[in-house]
Amino acid sequence: MDKLPLIHKSKTLKETMHMINETGLGLAFVVDSKERLKGVVSDGDIRRALLKGVSLTDKIEKIMNKKPIKFYEDWNRDKILVLIQKLREENKIPKSKSLIVPVLSRNKKIKRIVTIEPKGNFFFDSIPKKLKKTKKVLVIGGAGYIGSVLVRMLLKRGYKVKVFDNLLYGDQGIIDINSKKFKFFRGDLINTRDIVEAIQDVDLVVHLAAIVGDPSSKLRPRETLEINYFSTKNLGEIAKYFGIGKLIFASTCSVYGYKEEKCTEETEPSPLSLYAETKLFSEKALLDLKGDGFSPVILRFATAFGYSPRMRFDLVVNLLIAKALKEKKITVYGDGKQIRPFMHVKDIARAIIKVIEAPDFKVGGEIFNVGSDNLNLSILEVAEKIREMVPESKIVLLKEKEDNRNYFVSFEKIRKTLKFKAKYGIEQAVKEISEAFEKGKIKNFYNKIYSNYYSLSEM
């Protein structure tokens, strides 16, 4: 059996939440100096208390359940079965999740535990993996390009998922999701009340929402500062206050700007745009909050590509693929020699899940470049890969509108720390997008719904 989550009654709400986050069981047993059971408290109990004005520095005995369900070690199995049945009839056992009950000696020390399944089975001394507390993940921006892929993967892995999104770009990314483990909360990241309401019953946060990309940031500079920086800083403070153990923040490799050397997480950033600057400011704001059980993790994503339920064609690889398939022309601006890191949206989602499932001591307070070494490519190399898949297309070079960003990124840290390796390439994206056209999922790829910039410009 794993070490029991025991905490002394004099400890604070903050200290108790820290322990609960570490054990992953969603509760702690409150004891006195002789380890006699005095009560039980859950993470939900703590969050509800905070909303009612209880302070994080208050003692946990102030809010604990002083009359929890408990068994005694001299009770035989049959007696416990009868009691479990009675508790079910009285609706004192949850119907949708497992219940952990302490088994006490007559001097009220916890000797073992019983884990009761919703369907009636129960286990002594151990908590089977399938009965471990199902993590509730809040995905901010979960209706977006990356979020709509991530949410589906999380649900498939058994997570409970709440999406927080203002649906600025529509709901096509999540409208077809039908799962009892899925909840949608429509809210605005700049509204503190919305964040507090959404965050109080979750275990960790994945923050994907932002005004994304240089053109969109130039179009809406004020909103970019509000959403990308100030709201992120506010979110971090709220998450820490409510005892959220882990917050995963979507940053960007664009923070490196123009570099001739290979960029590692230690490379000095030199952002060339407001978008990249706000991401860098947010990284620092979140990392400054690390401690007291709060573990922010910064993920600097490579440029995304590939099919998503909330499709985007304002991403360079997706646009070049669409042009090749529909116009038989792959338009490259400048000489195409500028190098960027790229990554399939499915691999980005996989990397986020790797971080979710990694122990805090491995990832807490860390920055990871997220991408694939073999997808550090020039724009011209991307175009050539697409032409190989669509041989009837041709590459056209246009000298205007060249993008000055140039950076070659190392992804060794995430590969070594989390054993993460990308699975999907540009070839996969060509197949996916081609199939989406054939099935009528995408009709006119120039439609503004597929572009953040044009959607914002019309608002």
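Heads up: the structure comes first, above all this text.
Residues numbered from 1 in each chain as written. Predicted model: local features only at pLDDT ≥ 70, side-chain atom pairs only at ≥ 80, totals over all residues. Heavy atoms only, no water.

1. Describing the sheet that holds strand S1 (residues 6–8)
Then, number 1: Pairing within the open sheet is mixed, and its 3 strands lie in the order S1-S2-S3. Two strands close off the open sheet at either side, each with one partner strand: S1 and strand S3 (37–42). The mean angle between the axes of side-by-side strands here comes to 35°, regardless of whether they run parallel or antiparallel.
Then, number 2: By the bridge criterion, 5 bridges tie strand S2 (residues 27–31) to S3 in an arrangement that is antiparallel. Within S3, the residue paired with Ala28 across the bridge is Val41. (Pairing = 2+ DSSP bridges. Helix = DSSP H or I, 4+ residues; strand = E, 2+ residues; numbered from the N terminus. Axes fitted to C-alpha atoms, helices over the stretch in contact; angles between N-to-C directions.)

2. Section: the packing of helix H9 (residues 316–327) against helix H14 (residues 426–438)
Then, number 1: Two elements in contact, H9 and H14, have axes whose closest approach is 10 Å; the angle formed by their N-to-C orientations is 55°. In terms of axis orientation, H9 runs oblique to H14. Crossing geometry of H9 relative to H14 is assigned as right-handed. Across the interface between the two elements, Val317, Asn318, Ile321, Ala322, Leu325 and Lys326 of H9 pack against Ile426, Ala429, Val430, Ile433, Ser434 and Phe437 of H14.
Then, number 2: Looking at the contact of H9 with H14 residue by residue, the class counts come to 9 nonpolar, 2 polar and 1 charged. (Parallel < 35°, antiparallel > 145°, perpendicular 65-115°, else oblique. Left-handed = near helix turned anticlockwise from the far one by under 90°. Contact = heavy atoms within 4.5 Å. Nonpolar A, V, L, I, M, F, W, Y, C, P; charged D, E, K, R; others polar.)

3. Concerning a nonpolar patch on the surface
Then, number 1: Taken together, Leu219, Tyr453 and Tyr454 make up a surface patch of nonpolar side chains, about 270 Å² in accessible area.
Then, number 2: Of note, Leu219 is situated in helix H6 (residues 214–219). (Patch = residues over 30% accessible without salt bridge, like charges linked within 9 Å, V, L, I, M, F, W, Y side chains within 5 Å. Areas by Shrake-Rupley, 256 points an atom, 1.4 Å probe, with all protein chains shown as cover. Salt bridge = Lys/Arg side-chain N within 4 Å of Asp/Glu carboxyl O.)

4. Details of the sheet that holds strand S15 (residues 303–305)
Then, number 1: Overall, mixed pairing links the 3 strands, which are arranged S15-S17-S19 in an open sheet. The sheet is open, and its two borders are formed by S15 and strand S19 (376–378), each paired with just one other strand. Between one strand axis and the next, the sheet turns by 50° as a mean value, whatever way the strands run.
Then, number 2: As paired strands, strand S17 (residues 339–344) and S19 are joined by 3 bridges and run antiparallel to one another.

5. Topic: the pairing of strand S5 (residues 99–104)
Then, number 1: For S5, a buried count of 6 out of 6 residues is recorded, marking the element as mostly surrounded by other parts of the structure.
Then, number 2: As judged from the 2 bridges shared by strand S4 (residues 71–72) and S5, these two strands associate in the parallel manner. Following the sheet pairing, Tyr72 is matched in S5 by Leu104.
Then, number 3: As paired strands, S5 and strand S6 (residues 110–116) are joined by 6 bridges and run antiparallel to one another. Note on S6: the bridge partner recorded for Pro102 is Ile113.
Then, number 4: With antiparallel pairing between neighbouring strands as the criterion, S5 and S6 make up a hairpin whose turn holds 5 residues, including Lys108 at a positive phi of roughly 70°. (Buried < 20%, exposed > 50% of the residue type's maximum accessible area, 1.4 Å probe, protein only.)

Don't take any of this as a statement about function, it's just geometry.
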